[in-house]
Amino acid sequence: MSVDGIVDIRGKKYKTVARRISEFREAYPDWTISSELLSGGDRVLIKTSILDPAGRLVATGFAEEDRSFGNINATSAIENCETSAVGRCLSWMNLG
């Protein structure tokens, strides 16, 4: 776990999604992060969008999770998938 929002994954440093959201909110306080559940069955699919104050689409991110893959997805596939989709969307805004 990381106190500063930086984690080491296989020798590379990454910002956590929580840190990226915090940086996004600080830099773009009037912008919107919006997630949409596209599929919620055995395979969860989520699309996240970032919109500027005028409602223009700035970035999108998609993620998919399989409920049968691991203990986390067995109980929290939607939450896990949304976090991934938000992280991907923020990375398109160079907040990775």
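Above this text sits the structure in question.
The structure displayed is predicted, hence computed values, not measured ones.

Draft legend 1. A look at the layout of surface pockets. Empty space within the largest pocket amounts to approximately 350 Å³. Lining the largest pocket are 16 residues, with Lys15, Val17, Arg20, Ser84 and Gly87 sitting closest to its centre. Of the residues assigned to the lining of the largest pocket, the class counts are five nonpolar, six polar and five charged.

Draft legend 2. Spotlight on the side chain of Ser49. Within the element layout of this structure, Ser49 appears in strand β4 (residues 43-51). In this view, Ser49 contacts Thr32, Ile33, Ser34, Leu57, Ala59, Thr60 and Cys89; residues no more than four positions away in its chain are not counted.

Draft legend 3. View of helix α1 (residues 17-27). Among the residues of α1, those classed as buried are Val17, Arg20 and Phe24. Relative to the axis of α1, the buried residues are bounded by an arc of 60 degrees and lie together on one face. Residues Ala18 and Glu26 are exposed on α1 and point more than 90 degrees away from its buried face. Lining the buried residues of α1 we find β2 (12-15), β3 (32-40), β4 and α2 (70-92).

Draft legend 4. α2, seen in detail. Here α2 spans only 27 Å end to end across 23 residues, well under the 33 Å set by a 1.5 Å rise per residue. In the structure, α2 departs most strongly from a straight axis at Ser76, where the bend amounts to approximately 110 degrees. Inspection of α2 places Asn73, Ala77, Cys81, Ala85, Val86, Gly87, Cys89 and Leu90 among the buried residues, and these make up the whole buried set. Against α1, β3, β4 and β5 (57-66) lie the buried residues of α2. After α2 finishes, the residue Asn94 shows a positive phi value of roughly 65 degrees.

Here is what the cut-offs are and how they apply
Residues numbered from 1 in each chain as written. Predicted model: local features only at pLDDT ≥ 70, side-chain atom pairs only at ≥ 80, totals over all residues. Heavy atoms only, no water. 1 Å grid on protein atoms, 1.4 Å probe; cavity = no way out; pocket = protein on both sides within 12 Å on 5 of 7 lines; lining within 4 Å. Points joined across faces, edges and corners; volume = space filled by probe spheres on them. Nonpolar A, V, L, I, M, F, W, Y, C, P; charged D, E, K, R; others polar. Helix = DSSP H or I, 4+ residues; strand = E, 2+ residues; numbered from the N terminus. Contact = heavy atoms within 4.5 Å. Buried < 20%, exposed > 50% of the residue type's maximum accessible area, 1.4 Å probe, protein only. Arc of directions from axis to C-beta. Expected span 1.5 Å × (residues − 1). Bend = angle between axes of the 7 residues up to and from the residue.

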